[in-house]
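In case you want the letters, here they are:
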Amino acid sequence: MEEDIDCRKINGTFLRSHNYVTEADIISTVEFNHTGDLLATGDKGGRVVIFQREQESKSSPHHRGEYNVYSTFQSHEPEFDYLKSLEIEEKINKIRWLPQQNAAHFLLSTNDKTIKLWKISERDKRAEGYNLKEEDGRLRDPSTVTALRVPVLMPMELMVEASPRRIFSNAHTYHINSISVNSDAETYMSADDLRINLWNLEITDRSFNIVDIKPANMEELTEVITAAEFHPNHCNTFVYSSSKGTVRLCDMRAAALCDHHSKLFEEPEDPSNRSFFSEIISSISDVKFSHSGRYMMTRDYLSIKVWDLNMENRPIETYQVHEYLRSKLCSLYENDCIFDKFECAWNGSDSVIMTGSYNNFFRMFDRGTRRDVTLEASRENSKPRAVLKPRRVCAGGSKRKKDEISVDSLDFNRKILHTAWHPAENIIAVAATNNLYIFQDKIN
Amino acid sequence: MFGKGVKRKHTEVSEDDEETKVGRSRQAPEEDEETERRKRTDDAEKGIIKGLANEEEIPRVVVCGDEVPYHDYAAQRQRVLGLSLGKLQMCRGRSELCLRSYVLITGTLRLIQEELRCEGSQRPVLPPWFGVPVTAADCEDSNRQSPSLVNRGASLPTAHLDAGDGLLPSILPETSLLRASLSQESAVSRLKLEPRLLCTENIPSSANGVRDLRAGSSATEDAQAKLAEARNPTDLLLSGFELPDTPVLLQDLCLDDDFTDIDTTMCDFDLFAPAVLASSRSSVSQVASVPSPGVPSTHAPPPIEEWSSRSLPSACGSVTSSGQQFKTDLSELDHIMEVLVGS
């Protein structure tokens, strides 16, 4: 892909002063809808903010396709589980859009325990001329009504309303890490550390358990589920990844309980890279099907692997995201950074993949040309409409060139865990702690 | 995320990396060793015989594609072990447990444990003061237990120890006591790793329950506090460090004999107290008789009759009334003595 990228930042509710970051404003998930016109973000405070892309207008060509705030609502509130004396965080773990079927938009948002279906609808007309009601709402005395009239719809200022239509709760003992809408648009699944449940979007008081890896004796627990996703085209197929670096593909037609996988994707460990942290860094933090449904991508701590669904024993491509961290694993273990869960994203044509790293860097890999680029999302280094400059990190030991950053200077508090790519165009959304960056490809 | 461990920038952290010496940055010293080795070979060819170079004797291990000296590898392993145990303890202290992190940390611990076991089976060590055949793994394991269990304020040294270290004798008795209690503990009941237990409510309550014991002995309180600390997911792993045929030391030790003069009658008894009272009377180690939090206690608070049978004021009353009774008795005794002596 071309390196010229037009960048623009979203200001507004996410801006805070430099040194102080409100915990509640930390963005925890980013997701485009199926057309790319809407971009939803969830944060640690349980809020969902939806951005809408402005329609192109001939009068202001420079403002082509900017994203502005469309709707903000509080999705989840902090709760308290009295039975276990546990606080349930309101942090939004995942947002998934439903395919649009009418004028309204629907999305699923989830925290650790509860999934909610939200309807986002617009109201831009108001009925005026009621017979029994005055304009200010006061009731009219029926005896004063002398003539009847038909109410007329008058335009009003656009109002975007978000209302919770379904609440799916009490189905997960452990923390929900993923939700995925089925291609049949009727069901969806939610995955926690040990179980995956299948829901019908209309039914909130019942769900089916389709995967259960909880051992009979919890002392023997060695593996948890880290991510799960439905196949984009085959409504019977889904995958789930584990903390041991394996991905299992399951077919719901085979059995009601899909404990036995149809395919197991696992790459044998490289013995030359063995260390105490081999298992930890092999833990898969995200799994995503390609849009075509032919491939899937897994993200572990140091690399991204692209798998062909027809080949289980090894990936077809492996990309090193930040190999220079391999010698620093002990320190990263000490400061808990080794447990960070990075997400990954495909572009619309499945030719480029993207993921985040530390120091507000994010990486893009072109699968066709095998070129990769490291870019930085920061206010200091990019003004609106400036072109992003590729960054380089030099591993310790070799001489540092000009404009390179040494591994020791990386800021491990500034990390990009959540990224999203527009389904059709070269527009990406990058969440850097409490800031949201949107980058567009400049096309003249 | 658990563990608000300080996220340090790598400028601070790189010094640690130099200490552990794992990774590609350690090129220069190894090159020096290489040139020295070549020099020695040259000298040998010239007929000059020198002592064997140390670095030829040092076993080297491959980690992440680099060969590092074994003692560096062992040092890093020790560090990772300490970190892992520390994280698990921090995990337990928080209200919520991230299961994924827990599984990853315990996996790392298991890996280290397996390595230590393998090494232990290869190099048996017999410390003379022990009196019982013990492998290096046991020594290392018990030593490694002590840093983690000690962090709670007990006065045991927290030095990193290798087998054969001079500090070993002073550490061993305490760690033996702890290991004895742990092994008895694991024999008595296995903590069920249900999520609610992992997450909370039993652990603080059991810890409080144990700490509420006013058995009077600071040493036993420390041991029990350590048990409470250890009675968590870490405990299972620590008990996993022990070999099944671990000799149970200090079982006959009656710590209660030293503390019989302490008046515990006015103390607040809870579920665990009756066990303590019973044990103090039967001179069985208190440590063995404390039930685990996972097992519902079958002990009831001691009946009132038991208290009244011990010539104390029947109202388990205030200290002043018992004090007054005591003074009355003393004055009567004095009076009797005066009469007898005739003074």
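Just so we're clear, the structure is a prediction, and the values are computed from it rather than from any experiment. (Residues numbered from 1 in each chain as written. Chains lettered and ligands numbered in written order. Predicted model: local features only at pLDDT ≥ 70, side-chain atom pairs only at ≥ 80, totals over all residues. Heavy atoms only, no water.)

Student: Where do I start with the overall build of chain B in this structure?
Tutor: A tally of helices and strands in chain B yields 15 helices and two strands. A fraction of 71% describes how many contacts in chain B between residues 6 or more apart in sequence connect residues 24 or more apart. Summing over all exposed atoms, chain B offers an accessible surface of approximately 18,000 Å²; the carbon and sulfur share of this is 56%. (Helix = DSSP H or I, 4+ residues; strand = E, 2+ residues; numbered from the N terminus. Contact = heavy atoms within 4.5 Å. Areas by Shrake-Rupley, 256 points an atom, 1.4 Å probe, with all protein chains shown as cover.)

Student: How should I be thinking about the overall build of chain A in this particular structure?
Tutor: Broken down by element type, chain A carries two helices and 32 strands. Expressed as a percentage of the 444 residues in chain A, the buried residues total 52%. The long-range share in chain A, meaning contacts at least 24 apart out of those at least 6 apart in sequence, stands at 53%. Of the roughly 20,400 Å² that chain A leaves accessible, carbon and sulfur atoms contribute 48%. (Buried < 20%, exposed > 50% of the residue type's maximum accessible area, 1.4 Å probe, protein only.)

Student: Explain the pairing of strand S10 (residues 115–128) of chain A here, please?
Tutor: Note on strand geometry: in a regular strand, side chains alternate between the two faces of the sheet. Residues and elements named next belong to chain A. Sheet topology places strand S9 (residues 105–110) next to S10; six bridges connect them, and they run antiparallel. Residue pairing for S10: Ser109 is matched across the bridge by Lys116. Between S9 and S10, which pair antiparallel and follow one another directly, the connecting turn spans four residues. (Pairing = 2+ DSSP bridges.)

Student: Please explain the pattern of salt bridges as it appears in this structure.
Tutor: Should their charged atoms come close, side chains of opposite charge can pair. All names here are of chain A. The full count for this structure, using the stated rule, is 30 salt bridges over all chains. Here Asp124 makes a salt bridge to Lys125, at a shortest N to O gap of 3.6 Å. The class of Asp124 is partly exposed, set by a relative accessible area of 34%. Residue classification places Lys125 among the partly exposed positions, given a relative accessible area of 46%. Residue Glu267 is joined to Lys305 by a salt bridge in which the shortest nitrogen-to-oxygen separation is 2.8 Å. One end of the pair, Glu267, is in the loop between strand S19 (263–265) and helix H1 (278–282); the other, Lys305, is in strand S22 (residues 303–308), with 38 residues separating them in the sequence. Exposure remark for Glu267: the relative accessible area of 31% places this residue in the partly exposed category. (Salt bridge = Lys/Arg side-chain N within 4 Å of Asp/Glu carboxyl O.)

Student: How should I be thinking about the sheet that holds S22(A) in this particular structure?
Tutor: Sheet strands pair by backbone hydrogen bonding; their relative direction is either parallel or antiparallel. Residue and element names in this part refer to chain A. Reading across from one edge, S20-S21-S22-S23 is the order of the four strands in this open sheet, with antiparallel pairing throughout. The open sheet has two edge strands, strand S20 (286–289) and strand S23 (317–320), and neither has a second partner. On average, each strand axis in the sheet is tilted by 15 degrees relative to the strand beside it, whichever way the strands run. The pairing of strand S21 (residues 295–299) with S22 spans five bridges and is classified as antiparallel. Its bridge partner lying in S22, Arg299 is registered against Ile304. (Axes fitted to C-alpha atoms, helices over the stretch in contact; angles between N-to-C directions.)

Student: Please clarify how the pairing of S23(A) should be interpreted in this entry.
Tutor: Residues and elements named next belong to chain A. Of the two faces of S23, only one is covered, namely that formed by Glu317 and Tyr319; the face formed by Thr318 and Gln320 stays uncovered. Where S22 meets S23, four bridges bridge the pair, whose relative direction is antiparallel. Residue pairing across strands places Val306 opposite Glu317, the latter belonging to S23.

Student: Would you explain the confidence of the model for chain A in this entry?
Tutor: Detailed reading of predicted coordinates is not advised where the pLDDT is low. Taken over all residues, the pLDDT of chain A has a mean of 89, while the share at 70 or more is 91%. The low-confidence segment residues 1–19 of chain A (pLDDT under 50) makes 63 contacts with residues lying over four places distant or belonging to another chain. (pLDDT = per-residue confidence, 0-100.)

Student: Is there a simple way to think about unusual backbone geometry in this case?
Tutor: Residue and element names in this part refer to chain A. Even without being glycine, Asn170 reaches a positive phi, approximately 60 degrees. With respect to the element layout, Asn170 can be found in the loop between strand S11 (152–168) and strand S12 (178–181). Positive phi outside glycine occurs at Thr433, with the angle close to 55 degrees. Relative to the assigned elements, Thr433 resides in the loop between strand S31 (427–432) and strand S32 (435–441). On the basis of relative accessible area, Thr433 is assigned to the partly exposed category, the value being 21%.

Student: Got a minute to help me understand the environment of B:His71 in this structure?
Tutor: All names here are of chain B. With respect to the element layout, His71 can be found in helix H4 (residues 70–93). A residue is classified by how much of its surface remains accessible, and His71, at 47% relative accessible area, is partly exposed. For the pair His71 and Pro59, spaced twelve residues apart in the sequence, the C-alpha separation amounts to 8.4 Å.

Student: Would you mind going over the sheet that holds strand S5 (residues 67–74) of chain A with me for this structure?
Tutor: Residue and element names in this part refer to chain A. Taken in spatial order, the four strands make up an open sheet running S2-S3-S4-S5, and their pairing is antiparallel. In this open sheet, the two strands that pair with only one neighbour each are strand S2 (27–32) and S5. Within the sheet, the average angular offset between the axes of one strand and its neighbour, ignoring direction, is 20 degrees. Where strand S4 (residues 47–53) and S5 come together, seven bridges link them in antiparallel fashion. Each residue of the ladder has a partner; that of Arg47, found in S5, is Gln74.

Student: Which parts of the structure should I look at to understand the environment of B:Arg77?
Tutor: Along the chain, B:Arg77 turns up in helix H4. With 39 residues separating them along the chain, B:Arg77 and B:Leu116 place their C-alpha atoms 9.7 Å apart. The contact partners of B:Arg77, leaving out residues within four places of it in the chain, are A:Phe276, B:Tyr70, B:Ile112, B:Glu115, B:Leu116 and B:Glu119.

Student: Is there a simple way to explain the packing of aromatic side chains in this structure?
Tutor: The geometry of an aromatic ring pair is captured by two quantities: the separation of the ring centres and the angle between the planes. For the structure on display, the rule yields 19 aromatic pairs over all chains. Each ring, one from A:Phe276 and one from A:Phe277, has its centre 6.4 Å from the other, and the planes form 85 degrees; the classification is edge-to-face. Comparing A:Phe276 with A:Phe277, the two get one shared label, buried. Three or more aromatic residues link up through ring pairs in this structure, and these residues are A:Phe276, A:Phe277, A:Tyr333, A:Phe339 and B:Tyr73. Looking at A:Arg367, its charged tip hangs above the ring of A:Tyr295, at a distance of 4.8 Å from the centre. (Phe/Tyr/Trp six-rings, centres within 6.5 Å; stacked < 30°, edge-to-face > 60°. Lys NZ or Arg CZ within 6 Å of the ring centre and 35° of its normal.)

Student: Would you explain the state of the cysteines in this entry?
Tutor: Here is the idea: a disulfide is a covalent bond, and it sits between the sulfur atoms of two cysteines. According to the stated counting rule, one finds zero disulfides over all chains in the structure shown. With no disulfide of its own, A:Cys258 lies closest to A:Cys250 among cysteine sulfurs, the gap being 5.3 Å. (Disulfide = S-S within 2.5 Å.)

Student: I would appreciate a short explanation of the side chain of A:His322 in the present structure.
Tutor: Residue and element names in this part refer to chain A. Position of His322 relative to the elements: it lies in the loop between S23 and helix H2 (329–334). Accessibility expressed as a relative area gives 0% for His322, which makes it buried. The residues contacting His322, other than those within four sequence positions of it, are Arg299, Tyr301, Leu302, Phe342, Ser357 and Tyr358.

Student: Would you mind going over the environment of A:Glu404 with me for this structure?
Tutor: All names here are of chain A. Residue placement: Glu404 occurs in strand S29 (residues 404–406). In this structure Glu404 comes out as buried when scored by relative accessible area, which is 9%. When the C-alpha positions of Glu404 and Arg392 are compared, they lie 5.1 Å apart, and in sequence the two are twelve residues distant.

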